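Understanding the architecture of this molecule
The chain contents come next:
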Amino acid sequence: MKPAPFDYVRARDMTEALDALAQHGSDARIIAGGQSLLPMLNMRLAKPAVLIDIMGIAGLDQVRREGELIVVPAGMRQAALLRRPGLASEQPLLAAALPWLGHYQTRARGTVCGSTAHADPSAEIPLCLVALDGEIRLRSRKKQRRLKASAFFAGMMVTEKADDELIEAVAFSAARPGTGYAFNEVARRHGDFAIVGCAAVVEAGQIHLAVAGVADKPERRSWPRLDGSALDDALNAFAWELDAREDLHATARLRRDLVRNLGRQTIEEALRCLA
Amino acid sequence: MPRLSAAARHRIGFTLNGKPVSVEAEPRLLATDALRHGIGATGTHVGCEHGVCGACTILIDGVPARACLTLAVQLEGREVTTVEGLAPAQDRLSVMQAAFRRHHALQCGFCTAGILISLEAFLREEPDPSEQALREVVGGHLCRCTGYTPIIAAALEAAAILRQPITTSTDAESAHV
Ligand code: FES
Ligand code: FES
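Residues numbered from 1 in each chain as written. Chains lettered and ligands numbered in written order. Predicted model: local features only at pLDDT ≥ 70, side-chain atom pairs only at ≥ 80, totals over all residues. Heavy atoms only, no water.

**Details of the domain arrangement of chain A**
The assigned domain composition of chain A is domain 1 (7-52), domain 2 (64-173) and domain 3 (181-272). Between domain 1 of chain A and domain 3 of chain A, the C-alpha centre-to-centre distance is 34 Å. (Domains from an automatic or database assignment.)

Written out as structure tokens, the structure reads:
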């Protein structure tokens, strides 16, 4: 339960971090808050030769607004985003989901972008990114690029990030008028990984539901404003389309059931916010 | 750029409970091991070593952190508080520690160091917490023998004592002893 040996690079600015990444590629890992990476290192599920610490880089810990986007840079801790004044009106989905993310103690250290990079299929931040059609901003020494969340998450802890890239920031869309948001999660204990997490976004003509913990990555579907048994049918179809995981914590059947029931409950809550 | 080689030990300096300390650390050394084995500060306990149990919780610059999910090299230049730093003097308990004793909020004490640290940080942010909020904070810790009810009761009482004006807090504290 101790990490395998690695060199430790304390980057003083982004250029140093990107140079080190360019040099070491897949042998290197970025460390920010370390709350996802350290368990992997301790259990030797990850054995990088080089760790590049980016928390000493100035200016990476302040949220920026770019028009309708809430841009969260690589050094921002989850607790700091949760404490952002006015977050509940700026983006109610984030305000509702973040308290479910790990524990008080891990949110204090863990970063928003770190959780995105880790890409656990049941994690709340990837779920919110997918639900809000957010974007991931990647940067290497050579180039910068932006990917939609739905294109970024590729599978269980697998993303489209190249070995020489790091996540510079992620961007969530801010709340739009006339749109309702809701979040729900079922876990063994509050703070544990979700068995299923649901994030609903409801607008005048459309319902969007994103679910985590079911397939190997968060998935979103959109429908017109269905209700009654038509909505049940749509949710049922969604539940079956996802290749539900079966593990120690829950059967695939329970997960499908949660998509149908928790999904519906979350959509209804989002509708009530709208009303 | 500053690079610490895996094969060597590096001197890492930080402040521990108000005093400057330093420890020799390979990059892969966990903060728990640096504290316990490097410095001999064994108040910080190690349960799971992967971030689940909370026994190893310390404060880094006043913010709670799992020491087992922290590298010793990440402590460089930081202010670290461990359970050894909570009591105001050698033979006195902190308000929270005294409340834990009154409420039998510990049996073996294995989990206690981490829980005291989390509560210390949380009450600074939130001096008048709801029971629900305290349950959330304690939810980041596993206690396998005492159970959580006396821990919450102790925390609520200590918070109430700490909210009283400074001049009367020692009276209130001694009235409870
Ligand atoms: S020993 Fe660190 S959380 Fe269990
Ligand atoms: S007092 Fe024994 S584990 Fe909590």
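**Observations concerning the pairing of strand S4 (residues 57-60) of chain B**
Residue and element names in this part refer to chain B. Every second residue of S4 is oriented toward a common face, with Thr-57 and Leu-59 on one face and Ile-58 and Ile-60 on the other, all of them buried. Relative to strand S5 (residues 63-66), S4 runs antiparallel, the two sharing four bridges. When the sheet's bridge partners are listed, Ile-58 is paired in S5 with Ala-65. As consecutive antiparallel partners, S4 and S5 are separated by two residues, and within that stretch Asp-61 has a phi angle of approximately 50°, a positive value. When S4 meets strand S6 (residues 79-81), the two strands line up antiparallel, connected through two bridges. Directly across from Ile-60, in S6, lies its bridge partner Val-80. (Buried < 20%, exposed > 50% of the residue type's maximum accessible area, 1.4 Å probe, protein only. Helix = DSSP H or I, 4+ residues; strand = E, 2+ residues; numbered from the N terminus. Pairing = 2+ DSSP bridges.)

**Topic: a nonpolar patch on the surface**
All names here are of chain A. A contiguous nonpolar surface patch, about 300 Å² in accessible area, is contributed by Met-1, Met-43 and Leu-45. Within the secondary structure layout, Met-43 lies in the loop between helix H2 (37-42) and strand S3 (50-53). According to the relative accessible area criterion, Met-43 is partly exposed, its value standing at 36%. (Patch = residues over 30% accessible without salt bridge, like charges linked within 9 Å, V, L, I, M, F, W, Y side chains within 5 Å. Areas by Shrake-Rupley, 256 points an atom, 1.4 Å probe, with all protein chains shown as cover. Salt bridge = Lys/Arg side-chain N within 4 Å of Asp/Glu carboxyl O.)

**Topic: the interface of chain B and chain A**
Between chain B and chain A, the contact holds 36 residues from the first and 36 residues from the second. Carbon and sulfur atoms make up 54% of the surface buried where chain B meets chain A, a total of about 3200 Å² over both sides. Per-residue buried area on chain B facing chain A is highest for Met-1, Arg-3 and Arg-28 of chain B; these three make up 22% of the total on that side. Linking chain B with chain A are three salt bridges. In this structure, the salt-bridge partner of Lys-2 of chain A is Asp-33 of chain B, at a minimum N-O distance of 2.7 Å. Seen at the junction of chain B and chain A, the total is 17 residue pairs in polar contact (both at pLDDT 80 or more). Grouping the amino acids of the side of chain B that touches chain A by side-chain chemistry returns 19 nonpolar, nine polar and eight charged. (Contact = heavy atoms within 4.5 Å. Buried area = accessible area lost by both parts, 1.4 Å probe. Polar contact = N/O pair within 3.5 Å; in protein donor to acceptor, adjacent residues only side chain to side chain. Nonpolar A, V, L, I, M, F, W, Y, C, P; charged D, E, K, R; others polar.)

**With respect to the pairing of strand S1 (residues 7-10) of chain A**
Inspection of the sheet shows S1 of chain A paired to S3 of chain A by four bridges, in the parallel sense. Within S3 of chain A, the residue paired with Arg-10 of chain A across the bridge is Asp-53 of chain A.

**Some points on the domain arrangement of chain B**
Residues and elements named next belong to chain B. Splitting chain B by domain gives domain 1 (10-85) and domain 2 (95-163). Measuring from the centre of the C-alpha atoms in domain 1 to the corresponding centre in domain 2 gives 21 Å. Counting the surface lost from both domain 1 and domain 2, the interface buries some 1100 Å², and carbon and sulfur atoms represent 65% of this. Of all residues in domain 1, the largest losses of buried area upon contact with domain 2 belong to His-45, Leu-59 and Val-83, amounting jointly to 37% of the total for that side. For the pair domain 1 and domain 2, the number of links is zero salt bridges. Across the domain 1-domain 2 interface, the total number found is four residue pairs in polar contact (both at pLDDT 80 or more). Looking at which element gives the most residues to the side of domain 1 that touches domain 2, the answer is S4, with three residues. Considered class by class, the residues forming the side of domain 1 that touches domain 2 number eight nonpolar, eight polar and one charged.

**Some remarks on the side chain of Gln-105 of chain A**
For Gln-105 of chain A, the position within the fold is in helix H6 (residues 104-107). A distance of 2.9 Å separates a polar atom in the side chain of Gln-105 of chain A from the backbone oxygen of Val-137 of chain B. With residues up to four places along the chain from it excluded, the contact list for Gln-105 of chain A reads Thr-57, Pro-64, Arg-66, Ser-118, Val-137, Gly-140 and His-141 of chain B.

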